[in-house]
Amino acid sequence: MSETALSLSGIEKTYNRGKTGAVHVLSGVDLTLKRGEVVALVAPSGAGKSTLLHIAGLLDTPDEGHVSVAGQELTGTGDARRTAARRAEIGFVYQFHHLLPEFTAAENIVLPQLANGAAWAEAEARAKELLGTVGMDHRADHRPSALSGGEQQRVAFCRALANAPALLLADEPTGNLDPTTSDTVFAALMSLVRETGLAALIATHNLELASRMDRVLHLDGGRLTERGRSGAS
Ligand SMILES: Nc1ncnc2c1ncn2[C@@H]1O[C@H](COP(=O)(O)OP(=O)(O)OP(=O)(O)O)[C@@H](O)[C@H]1O
């Protein structure tokens with residue numbers, strides 16, 4: 001098992017916006033995330049945070065540079081390999097939970113495992129174990145509409161980790177929650193990360209939350225910097 005969950009090197013990305021010209025969003029971005037690390041990504045609006053998360057998550061491709069996930073070099077590979085790597089090695093969490101409303105909390109965590117080839121009983125046992133880690137075992141049979149915002153988000157974390165990925169990418173995962181709930185949800189996320197040993201890259205505008213992570217990266221002017229360090233790797 002590779003200790004490096006994500007490696008980005010020399011990433012360049014420019015969008016061509018027709019008459020308004022090109023916008024150079026990422027400029028020579030290097031980033032290495034090791035398993036067990038929780039890293040904050042802080043960026044002003046429009047700085048390219050989503051672009052970076054999409055490239056790291058194999059949803060978009062850079063113009064230049066290399067992307068490797070869990071030790072697999074994925075630069076220039078076809079869609080099938082990228083989709084397989086994404087399904088097995090990457091979990092996503094967004095500001096809104098996007099749980100399927102017609103399924104229970106446990107079923108929402110079972111479904112991605114079935115898509116990845118697991119048997120129902122095995123998938124259900126893992127769903128319950130993950131829910132237990134975030135203090136939600138008593139809510140396993142509730143539908144999302146019967147859960148609070150913080151509870152829904154804790155289920156979304158469990159779903160993202162259902163297939164035991166190497167990497168979790170989160171975009172403002174507590175951005176929609178009040179400060180107390182945000183703290184509970186963040187603590188749950190940290191428990192899951194510590195329990196599973198994955199790497200997490202968490203975009204946030206909350207500087208207090210960022211300061212509690214292992215490292216804080218700033219994205220601005222197309223470049224990634226780490227406070228007190230000259231590069232981001
Ligand atoms: N498909 C696209 N075509 C053209 N320009 C784009 C495209 N996607 C993003 N951009 C531009 O690239 C820049 C970075 O966008 P991105 O969505 O990555 O920013 P962001 O940091 O996630 O912003 P926010 O925090 O406001 O969501 C912005 O100027 C945006 O307008």
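To be clear, the structure that these remarks concern was listed above.
Everything quoted here is computed from the prediction, not taken from an experiment.

A. Just unusual backbone geometry, in detail. Phi is positive for Leu 58, which is not a glycine, with a value near 60 degrees. Along the chain, the position of Leu 58 falls in the loop between helix H1 (49-56) and strand S4 (64-69). Residues other than glycine seldom take positive phi values, yet Glu 172 does so here, at roughly 50 degrees.

B. The arrangement of the sheet that holds strand S7 (residues 167-171) in detail. With mixed pairing, 6 strands are arranged side by side in an open sheet as S6-S7-S8-S3-S9-S10. Edge positions in the open sheet fall to strand S6 (90-93) and strand S10 (223-226), since each of these has one partner strand only. On average, adjacent strands in this sheet sit at an angle of 20 degrees to one another, irrespective of strand direction. Pairing of S7 with strand S8 (residues 199-203) involves 5 bridges; the strand directions are parallel. Paired with Leu 169 across the strands is Leu 201, a residue of S8. Relative to the sheet, H1 contacts strand S3 (38-42), S7, S8 and strand S9 (215-220), its axis offset from that of S7 by approximately 155 degrees. Helix H5 (residues 149-160) rests against S6 and S7 of the sheet, and its axis sits at about 165 degrees to S6.

C. Broad picture of the site of the ligand. In the vicinity of the ligand, the residues found are Tyr 15, Arg 17, Val 23, Val 25, Ala 43, Ser 45, Gly 46, Ala 47, Gly 48, Lys 49, Ser 50 and Thr 51. Ranked by residue count, the leading element in the shell around the ligand is H1, at 3 residues. Class assignment of the residues belonging to the shell around the ligand gives a composition of 5 nonpolar, 5 polar and 2 charged.

D. Summary view of helix H3 (residues 105-115). Of the residues making up H3, those classed as buried are Ala 105, Ala 106, Asn 108, Ile 109, Val 110 and Gln 113. At the exit of H3 stands Gly 117, carrying a positive phi of roughly 100 degrees.

What counts as what
Residues numbered from 1 in each chain as written. Predicted model: local features only at pLDDT ≥ 70, side-chain atom pairs only at ≥ 80, totals over all residues. Helix = DSSP H or I, 4+ residues; strand = E, 2+ residues; numbered from the N terminus. Pairing = 2+ DSSP bridges. Axes fitted to C-alpha atoms, helices over the stretch in contact; angles between N-to-C directions. Contact = placed C-beta atoms within 7 Å. Near = placed C-beta within 6 Å. Nonpolar A, V, L, I, M, F, W, Y, C, P; charged D, E, K, R; others polar. Buried ≥ 20, exposed ≤ 12 C-beta atoms within 10 Å, placed from the backbone.

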